[in-house]
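Each chain is listed here by its residues.
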Amino acid sequence: MDLRQIDLNLMVAFEALMEARSVSAAAVRLGISQPAMSGALARLRTVLDDALFVRSGQVMLPTVRAVQLETRVASGLAQLRAALEPPVAFDPATSRRVFDVSGGDYATMVILPRLAAHLARTAPFVDLRFRFVEKDATVALLDADELDLALGVYPRVPKRLGLQSLFEERFVCITRRGHPDLQGGMTLDTFVKLPHVLVTERGDAAGVVDEALAALGLERHIKLIVPHVLVIPSVLPGSDMVASVGARAGKLFARNAAVEIHELPFSMAPWRLSMLWSRQKAGDLGLAWLRTTLVKIGSQV
């Protein structure tokens, strides 16, 4: 049978007739007029090529064909109703959801501690899989549903992805405490002359700081390139190098008495740490909760 011939309302009418065994009673159940129910029965008989119900006194008895259809129609309608139910509310206190999130060193250091603490307090059974993903691969993993959320710096993203800033950040520089060349503070001339550590996950030979210096007609000497910002506090105390990092990271590093923060001696545009997700998951209440949680954490760091 061509399903295009079937009006779903006819299946609902059939279900009501099987339950009520009366055209008038079935009409009352569905809130329609008796003529409308009679018309639905007539269409059912035509489409299914069977009488479906025969009158016996005050009731209508189902034919063999109707009895054969009853269980399957009831099951199909039940599944359809279940599929169309509003999504179940997400309860972080009881959910056992597992979230796959990507982020680099900076997000790991600044966001993850607060997020882990928040989960421990409000979502004890929710698990988090936090991993590093190359920025170029992030979009493909979000599209493939292998990631729920990505944290990072994303200047340009496809329109099919959602993007929300968590906070704005600026650069500072850090050195070992008591650096002999910085007794008078960090000047532009000193900044350029000192050896530098460059943090780059891609292994680039230059970063955004170098671009800002180039606009001033200057360049610095990059003595060391490392893939992770977390190694900086271990590297600086035994050298005269300087590292340019986000201000929040610098503040965390400065808790170590061996390093100290200096303001950059030139202007640089701020940057934003953002979260990225697939708009296909707009109806995912669990993911919406996680995004809201991250926005709150971002406002506090």
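Report on the accompanying structure. (Residues numbered from 1 in each chain as written. Predicted model: local features only at pLDDT ≥ 70, side-chain atom pairs only at ≥ 80, totals over all residues. Heavy atoms only, no water.)

**With respect to the sheet that holds strand S6 (residues 161–169)**
Pairing in this open sheet of five strands is mixed, and the strands run S4-S3-S5-S12-S6 from one edge to the other. Only two strands of the sheet have a single neighbouring strand rather than two, namely strand S4 (127–131) and S6. Neighbour-to-neighbour, the strand axes of the sheet open up by a mean angle of 20°, direction not taken into account. Here strand S5 (residues 149–152) runs beside strand S12 (residues 271–278); their pairing, made up of three bridges, is antiparallel. Across the sheet, the residue bridging to leucine 151 is methionine 275, located in S12. (Pairing = 2+ DSSP bridges. Helix = DSSP H or I, 4+ residues; strand = E, 2+ residues; numbered from the N terminus. Axes fitted to C-alpha atoms, helices over the stretch in contact; angles between N-to-C directions.)

**Some words on the nonpolar core**
Within soluble globular proteins, side chains that are nonpolar generally end up buried alongside one another. Residues Leu149, Leu151, Ile232, Leu290 and Leu294 are the most contacted members of the largest nonpolar core, which totals 51 residues. Broken down by element, this core gets its largest block of residues, five residues, from helix H12 (residues 285–298). For leucine 151, the contacting residues outside a window of four places in its chain are Val101, Ser102, Gly103, Gly104, Ala107, Ile111, Phe130, Leu166, Ser274, Met275 and Leu294. Ranked by size, the runner-up nonpolar core spans 23 residues in total, among them Leu10, Val23, Ala40 and Leu52. (Core = buried A, V, L, I, M, F, W, Y, C linked by side-chain atoms within 4.5 Å. Buried < 20%, exposed > 50% of the residue type's maximum accessible area, 1.4 Å probe, protein only. Contact = heavy atoms within 4.5 Å.)

**Remarks on the packing of aromatic side chains**
In this structure the tally under the stated criterion is eight aromatic pairs. Between tyrosine 106 and tryptophan 271, the aromatic rings sit 5.2 Å apart at their centres with planes inclined by 65°, giving edge-to-face as the arrangement. Of this pair, tyrosine 106 sits in helix H5 (residues 105–110) while tryptophan 271 sits in strand S12; the two residues are 165 residues apart in sequence, bridging distant segments of the chain. Tryptophan 271 gets classed as buried once you look at its relative accessible area, which sits at 17%. Among the aromatic residues, those joined into a ring-pair cluster are Tyr106, Phe167, Phe171 and Trp271. (Phe/Tyr/Trp six-rings, centres within 6.5 Å; stacked < 30°, edge-to-face > 60°.)

**Overview of a nonpolar patch on the surface**
Residues Leu8, Leu80 and Leu84 make up a contiguous nonpolar surface patch of roughly 290 Å² in combined accessible area. Positionally, leucine 80 belongs in helix H4 (residues 64–83). (Patch = residues over 30% accessible without salt bridge, like charges linked within 9 Å, V, L, I, M, F, W, Y side chains within 5 Å. Areas by Shrake-Rupley, 256 points an atom, 1.4 Å probe, with all protein chains shown as cover. Salt bridge = Lys/Arg side-chain N within 4 Å of Asp/Glu carboxyl O.)

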